[in-house]
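Fold and geometry: a report
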Amino acid sequence: MKMWITFSLAFLSFFINYGCSSDGGDPSITTPTDDSVDPGPEPAVLDSTTAIYRQFFFKGTHNSYSGNLAGMKREGIETQLEEGLRFFEFDLFSFHTQKELQATWIEDVDAFSVFDSMGDTFMLTFMNAKGKTTVYKVLDGETEISSEKTEVKWEGVERKFSIVSRSTGEYIFSYAPGNGDLTIYSFNGSGLEEIHSENIGVANMGLSAFVFNDNVYLGVHAKDGRRYDILKVSFEEEGVSIGASIYELASVSSDETLYPFEQDNRLYLFRHNVNTVTNFSVESVDTSGNMWSRSGSTTGTSNLLKGIVQAVQADGKLFVNSYAANGDVVGSQLVMDSGTPILVYEYNNEDDMLSGADAGVYPSKGGYFLLLDKGVSVQLSKMEIGVLSLGHDAPGDEVDLAVDNPQSIFLADWIEYMAQWSNAHPDHEPLFIMTELKEYEQWLADAKWQNIIKLMQDKFGDKLKYHSSSGFSNEPLVNNDKIVDGKTLYFMDEKGSKEGGLLGKVILYIQPNNKITKSEYTNDFKPFKTSEGILQENFLQLKRYRENNKLVSPDWRHPNKYGNDIGAYIDAKDDSYISRIFHMESADGNGQYDNIHCTDVMFGVSDRPYEGLYTDYAKEQRVKNKLEKVVGCD
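Residues numbered from 1 in each chain as written. Predicted model: local features only at pLDDT ≥ 70, side-chain atom pairs only at ≥ 80, totals over all residues. Heavy atoms only, no water.

The subject of this paragraph is the overall build of the protein. Across its full length, the protein holds eight helices and 33 strands. Of all 634 residues assigned to the protein, the portion counted as buried reaches 56%. Nonlocal contacts in the protein, meaning residues at least 24 apart in sequence, comprise 60% of its contacts between residues at least 6 apart. Accessible surface for the protein amounts to roughly 26,300 Å². Of this, 44% is attributable to carbon and sulfur atoms. (Helix = DSSP H or I, 4+ residues; strand = E, 2+ residues; numbered from the N terminus. Buried < 20%, exposed > 50% of the residue type's maximum accessible area, 1.4 Å probe, protein only. Contact = heavy atoms within 4.5 Å. Areas by Shrake-Rupley, 256 points an atom, 1.4 Å probe, with all protein chains shown as cover.)

Here it is, written out as C-alpha cells:
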C-alpha cells in the first residue's frame, strides 16, 4: 500500500496512540512557585501558543480487518483498541454481492423474473405446458409461494414478463412474443390481479415496460418489421388503456436490444447489438410534444461490454451488466456526462457465479438483481452498488470474523463499534482511520467516496477531523475549520482549551488506489477522454486525495528508502515484525524521506503488533511521545 500523501500533519503527531499511556488523562507537570528555589531543568510545556513541536510514535496495523488470517497476529478491532493501537487501515470496495438464492429447481420452468415489492424480494416463474404463473417470496435463501395462477388461455404459449414499479404499486406485463397477446396484472404483495388484456397487433416482438416522469410506457420491438415504437399506458379509474405509438424508430435490427432510461429528466435509449458486443449507441428522445422525436444519437465502445449484455434502470440510474460464459460478471453505470454517454466501471463479482447459464437482470433498490438459470440450477444475486465493504482483493476477502471483530464486512458496522469505544474513552489519543479505495474507477460515478465522509460525520460528529490535503480542502461536505495540519495543537488549542486539542478526536484519511496517478491507467488523467463534465471533475477530486501529500509509507522490504535510523534498524532485524512505517512530515518539510525531525509523526504499522521485535522497537520509540524538548528544535 505504497502511498504518498500529504498529511502535513506535522504535529498531528499524536496519531494513533502507540499504546501510549496518555489515554484518560493529561500529563502531569509541576511548576515551581518560589523564586528562591532552584527550579531545576526547564519543564516541558503543554501545547499552547508557545508549543514545542515534538516527535510522536504510535502503534497500528496494516489491513486492520484481517485479524489472525494468513498467520498474522493482529487480533480483532476490540483488542487493537484496548491494547493502544491508534492507526487503522481499511481497504474498501463500493459494492457487495448479496446471495439471495442458490437452489435446485425441480419444476420445468420456462420463464423467470425478479422484482422488489415493499422491501421484499419476489421471483416469478411460468410453465408453458400448464399456463401456470407462480410468485415466490425469497427470504434467507429460501422460497415460499406467495401466489399461484393457472390460466387456460396461456397453456402451451410462450410468455415473457416485464415488471415496473410506480407509486401505486408493482405492475406485471405478461406477453406472448409470438402473437402479441398482452395481460397486465397488479401485485399487492400476496397475489396477482388481472387488470387488463388485449392483443397489441405485433408478432415476433420484444416488449419492455418502463417509467418516465411517473408515467408507464411500453417499448415494442417489431423484429419482422425492423421498427421500435413507444406506447403510453394509462391507468384511469375506468380501467387501463394502451395508446397509439408516440415514438418510432425504423431500421432496427432484430439482433438489437433497446433499453429506455431516464436521466436528468430526459429520456434516452441505450441500444446494443449482440453481434457487436463492445459497441453501443445512445438515442436522445425529445419528449416535449404529443409525438416524440429523436433529438440526437451517439455511439460508443467499451471493453466493459462482453458476453451477454443487458441493462436495467434502478433508482434513476442505468446499470449495464455483462455476463460471460465462464461466469465472469462486470457491471457498469451509463452516465450521460455533458451529453456524452460513458460507461463507468461499477462492479465485478467477488463470488462464484454459474457459468454457461441463461442470464437476466432486474432492478432493485440500490442496485440490481442477476438471475442465472442453468438446467436445474438457479442462482439469484443482488448487486448492491455504493455500499462500503471491507476486503483486500474483493469485498469480504481477508476479513477475519473469527476474532473480536464486528461480524460484518460493512464499514458502517466497524465504525459504529469504534464510535462507541471512543465515547467510552473520551480522552483517548486520537484515532487515525485510513481508507484505501480499491479500483478507483468504481468510486467515480455518484462521488461514492462521499459515503465515507457522511458515515464518519454521522458516527463521530464533532470529534471528526480531516487530514490536511487538497482533497478535503476541495470537498463540499467538509468544514475547512476541521482540517488539521502540522500546526494543529495536540493537547489544547491556542486559547488553552482542551476541547480544541486532539485528544478524543478521530482523523480521517482517504486514499484512492495509486493507479489514479499513472497515465497508463488513466489516459493522461482523462480516463473518459473528456476535459470537462462531472466524471472528469470526480476523477480530479479523487486524484487530489492521492497526490502531493506528505504521508510517506515505504515498505519495510526497502529500508534504505527511509533515509534515517529507522531504515538502519529495520535492515538489522528480520522482516517479521513490521509491515511499513507511515511517516508524516512537518508542514515545512521539503524532502519525503528526510531524517526524522522535530515535527514528525510516525506510525509503525505491524501485522504482529503484540510480540517480538516490533514490541521492542515500539518501546524504543515511545520517548517521542513524552512532553520534553527535543535538542535542536526551537
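Tallied over the entire structure, the rule returns 22 aromatic pairs. Ring geometry for Tyr 171 and Phe 235: centres 4.6 Å apart, planes at 45°, overall tilted. Of this pair, Tyr 171 sits in strand E9 (residues 169-175) while Phe 235 sits in strand E14 (residues 227-236), and the two are 64 residues apart along the sequence. For Tyr 171, a relative accessible area of 10% corresponds to the buried category. (Phe/Tyr/Trp six-rings, centres within 6.5 Å; stacked < 30°, edge-to-face > 60°.)

Taken together, the four strands give an open sheet; going across it, the order is E20-E21-E22-E23, and neighbouring strands pair in antiparallel fashion. The open sheet is flanked by strand E20 (308-314) and strand E23 (340-348), the only strands paired with a single partner. Each neighbouring strand pair of the sheet contributes to a mean axis angle of 30°, computed without reference to strand direction. Taken together, the six bridges between strand E21 (residues 317-323) and strand E22 (residues 329-337) define a ladder with antiparallel strand orientation. The residue bridging Val 320 from the neighbouring strand is Ser 332, located in E22. Across the sheet, helix H6 (residues 534-546) touches E22 and E23, and the angle it forms with E22 is around 115°. (Pairing = 2+ DSSP bridges. Axes fitted to C-alpha atoms, helices over the stretch in contact; angles between N-to-C directions.)

What follows concerns the nonpolar core. Phe 90, Met 418, Ile 452, Ile 453, Phe 460, Phe 472 and Leu 508 are the most contacted members of the largest nonpolar core, which has 48 residues in total. Broken down by element, this core gets its largest block of residues, six residues, from helix H2 (residues 411-424). If we skip the residues at most four places from it in the chain, Ile 453 touches Tyr 466, Phe 472, Glu 475, Leu 477, Val 478, Leu 508, Ile 510 and Tyr 545. Membership of the second largest hydrophobic core comes to 19 residues, among which are Phe 173, Ile 184, Val 202 and Val 240. (Core = buried A, V, L, I, M, F, W, Y, C linked by side-chain atoms within 4.5 Å.)

Counting buried positions along strand E27 (residues 431-437) yields seven of seven residues, so the element is predominantly enclosed. Here E27 shows a buried face lined by Leu 431, Ile 433, Thr 435 and Leu 437 and a second buried face lined by Phe 432, Met 434 and Glu 436. Both strand E3 (residues 87-104) and E27 contribute to a ladder of six bridges, which runs parallel. Along E27, the bridge assignment pairs Phe 88 with Ile 433. The pairing of E27 with strand E30 (residues 506-512) spans seven bridges and is classified as parallel. Within E30, the residue paired with Leu 431 across the bridge is Val 506.

Applying the stated criterion to the full structure yields 18 salt bridges. Notably, a salt bridge pairs Lys 132 with Glu 148, separated by 3.2 Å at the nearest N-O pair. Of this pair, Lys 132 sits in strand E6 (residues 132-139) while Glu 148 sits in strand E7 (residues 142-150), and the two are 16 residues apart along the sequence. Measuring nitrogen to oxygen at the nearest pair gives 3.2 Å for the salt bridge that ties Glu 248 to Arg 227. In this pair, Glu 248 sits in strand E15 (residues 239-250) while Arg 227 sits in strand E14, placing the two residues 21 residues apart along the sequence. (Salt bridge = Lys/Arg side-chain N within 4 Å of Asp/Glu carboxyl O.)

Quick look at the pairing of strand E24 (residues 358-364) now. In terms of burial, E24 is a largely internal element, five of the seven residues being buried. As paired elements, E24 and strand E25 (residues 367-374) share seven bridges and run antiparallel to each other. Looking at the pairing, Ser 364 lines up with Gly 367 of E25.

Time to look at the side chain of Arg 271. Within the fold, Arg 271 resides in strand E17 (residues 266-273). Given a relative accessible area of 9%, Arg 271 falls into the buried group. Only 2.8 Å separates the side chain of Arg 271 from the side chain of Glu 256, close enough to count as a polar contact. A polar side-chain atom of Arg 271 sits 2.6 Å from a polar atom in the side chain of Glu 283. Other than its neighbours up to four places away in sequence, Arg 271 contacts Leu 249, Ser 251, Val 252, Glu 256, Thr 257, Leu 258, Phe 280, Ser 281 and Glu 283. (Polar contact = N/O pair within 3.5 Å; in protein donor to acceptor, adjacent residues only side chain to side chain.)

The subject of this paragraph is helix H8 (residues 612-621). Of the positions making up H8, those classed as buried are Tyr 614, Tyr 617, Ala 618 and Gln 621. Down the axis of H8, the buried side of the element spans an arc of 100°, and every buried residue falls inside it. (Arc of directions from axis to C-beta.)

Spatial ordering of the open sheet is given by E16-E17-E18-E19, a layout of four strands whose pairing is antiparallel. Because the sheet does not close on itself, it has two edges, and the strands there are strand E16 (256-263) and strand E19 (293-301). Averaged over neighbouring strand pairs, the angle between their axes works out to 25° when direction is ignored. As paired strands, E16 and E17 are joined by eight bridges and run antiparallel to one another. Looking at the pairing, Leu 258 lines up with Arg 271 of E17.

For Asp 315, which is not glycine, the phi torsion reads 55° and is therefore positive. Within the fold, Asp 315 resides in the loop between E20 and E21. Residue Asp 446 is not a glycine yet carries a positive backbone phi of 70°.

For Ala 311, the location among the structural elements is in strand E20. When its relative accessible area of 8% is taken as the criterion, Ala 311 is described as buried. Taking the C-alpha atoms as reference points, Ala 311 and Tyr 362, 51 residues apart in sequence, are found 8.4 Å from one another. Setting aside residues up to four positions removed in sequence, Ala 311 forms contacts with Tyr 259, Phe 270, Leu 318, Phe 319, Val 320 and Val 361.

The next thing to look at is the environment of Phe 212. If you trace the backbone, Phe 212 turns up in strand E12 (residues 205-212). If we ignore the near neighbours within four places in the chain, the residues touching Phe 212 are Tyr 217, Glu 262, Asn 265, Arg 266, Leu 267, Thr 287 and Trp 292.

Turning our eyes to something else, we now look at the environment of Gly 396. Mapped onto the fold, Gly 396 is located in the loop between strand E26 (377-390) and H2. Residue classification places Gly 396 among the partly exposed residues on the basis of a relative accessible area of 27%. Once the C-alpha coordinates of Gly 396 and Ser 408 are considered, the two residues, 12 residues apart in sequence, prove to be 8.6 Å apart. Setting aside residues up to four positions removed in sequence, Gly 396 forms contacts with Leu 390, Gly 391 and Ile 409.

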